[in-house]
Amino acid sequence: MPSRRRTLALLAGGLLPLAGCSSLGTRPAPPPARLDGVWLVNDRTEPQTVRVTVTESGETVFETTRRLGTFDDPTPNDGNVVVDPALDGPGRYVVTATVAGGESTVETARVVDGDEHCVLVRFTLTRGSGIQPWTKSYRRCDGETKTGTP
């Protein structure tokens, strides 16, 4: 029966080459995702102008500016709007919402969950002047039955 010192020495020798390594391999690139929509919600008491920009590999593929009323405003351009970027297919999109005083960004590939490759991104303009991102991934895009409710 080996001594305790010998066992510890053998274990330490086997683990020494791994010291300082957090993983044994490189992580694969995140999968591409389809951007099904960008949902804008204004919870603030004043109307807001929001710029939505979608980029892929540093290139702008969609951009729009929307004037949002307050959430309780019943006008057609109220405080609860879904923007359809009408992108051709999946990609590693970066979605940014910008308002006076701040911005928030979501990388769609980081929120894909298994085979749920469609992503809805919501940005809520909070009363404390922040922008709160929220995401939902699901299996089908373009109005098909979704596996969850935002």
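Note: the structure precedes this text.
Spatially, β4-β1-β7-β8 is the arrangement adopted by the four strands of the open sheet, whose pairing is mixed. A strand with exactly one partner marks an edge of an open sheet, and here the two such strands are β4 (80-83) and β8 (131-138). Across the sheet, the mean angle separating the axes of adjacent strands is 20 degrees when strand polarity is ignored. Two strands pair when backbone bridges link them, and strand β1 (residues 34-42) and strand β7 (residues 118-125) are joined in this way by eight bridges, in the parallel orientation. Each residue of the ladder has a partner; that of L35, found in β7, is V119.

The subject of this paragraph is the side chain of N42. Here N42 is to be found in strand β1. Looking at N42, the relative accessible area reads 0%, which means it is buried. A distance of 2.9 Å separates a polar atom in the side chain of N42 from the backbone nitrogen of R44.

Among the nonpolar cores identified, the biggest contains 23 residues, and L35, V38, L40, V50, V95 and F123 are the most heavily contacted of them. Contributing elements (two or more residues each) for this core: β1, β2 (48-56), β3 (59-68), β4, β5 (93-99) and β7. With sequence-adjacent residues up to four places away left out, L40 is seen in contact with V50, V52, R66, L68, G79, N80, V81, V83 and F123. Ranked by size, the runner-up nonpolar core spans six residues in total, among them V41, C118, L120 and C141.

Here the focus is the pairing of β7. Of all eight residues making up β7, eight are buried, and the element is well covered by its neighbours. With burial as the criterion, each face of β7 is covered, one bearing C118, L120, R122 and T124 and the other bearing V119, V121, F123 and L125. Hairpin geometry of β7 and β8 is characterised by an intervening segment of five residues between the two adjacent antiparallel strands and by a positive phi of about 70 degrees at S129.

The next point concerns the environment of S137. Inspection of the secondary structure puts S137 in strand β8. In this structure the C-alpha to C-alpha distance between S137 and A33, which are 104 residues apart in sequence, comes to 9.0 Å. Beyond its immediate sequence surroundings of up to four residues, S137 is in contact with V111, V112, D113, E116, C118 and V119. Among the polar contacts listed, one links the side chain of S137 to the side chain of E116, at a separation of 3.2 Å.

Further remarks concern the pattern of salt bridges. Scanning all chains against the criterion turns up three salt bridges. R139 is paired through a salt bridge with D115; the nearest N and O atoms lie 3.2 Å apart. Taken together, the positions of R139 in the segment after β8 and D115 in the loop between β6 (102-107) and β7 put the pair 24 residues apart, joining distant regions of the chain.

Bringing the packing of aromatic side chains into the picture now. One pass over the full model with this rule turns up one aromatic pair. Taking 6.3 Å as the distance between ring centres and 90 degrees as the angle between the ring planes, the aromatic pair formed by W39 and W134 counts as edge-to-face. Here W39, found in strand β1, pairs with W134, found in strand β8; they are 95 residues apart in sequence, far enough to count as distant. For W39, a relative accessible area of 17% gives the class buried. What makes W134 partly exposed here is its relative accessible area of 26%. Against the face of W39 rests R122, its NZ or CZ located 5.0 Å from the ring centre.

Our focus in this paragraph is the sheet that holds β5. Read from one edge to the other, the open sheet built from four strands follows the order β3-β2-β5-β6, with strand pairing classed as antiparallel. Every other strand in the sheet has two partners, leaving β3 and β6 as the edge strands with one partner each. Ignoring strand direction, the axes of neighbouring strands in this sheet form an average angle of 15 degrees. Two elements, β5 and β6, share six bridges in a ladder whose sense is antiparallel.

Parameters and conventions
Residues numbered from 1 in each chain as written. Predicted model: local features only at pLDDT ≥ 70, side-chain atom pairs only at ≥ 80, totals over all residues. Heavy atoms only, no water. Pairing = 2+ DSSP bridges. Helix = DSSP H or I, 4+ residues; strand = E, 2+ residues; numbered from the N terminus. Axes fitted to C-alpha atoms, helices over the stretch in contact; angles between N-to-C directions. Buried < 20%, exposed > 50% of the residue type's maximum accessible area, 1.4 Å probe, protein only. Polar contact = N/O pair within 3.5 Å; in protein donor to acceptor, adjacent residues only side chain to side chain. Core = buried A, V, L, I, M, F, W, Y, C linked by side-chain atoms within 4.5 Å. Contact = heavy atoms within 4.5 Å. Salt bridge = Lys/Arg side-chain N within 4 Å of Asp/Glu carboxyl O. Phe/Tyr/Trp six-rings, centres within 6.5 Å; stacked < 30°, edge-to-face > 60°. Lys NZ or Arg CZ within 6 Å of the ring centre and 35° of its normal.

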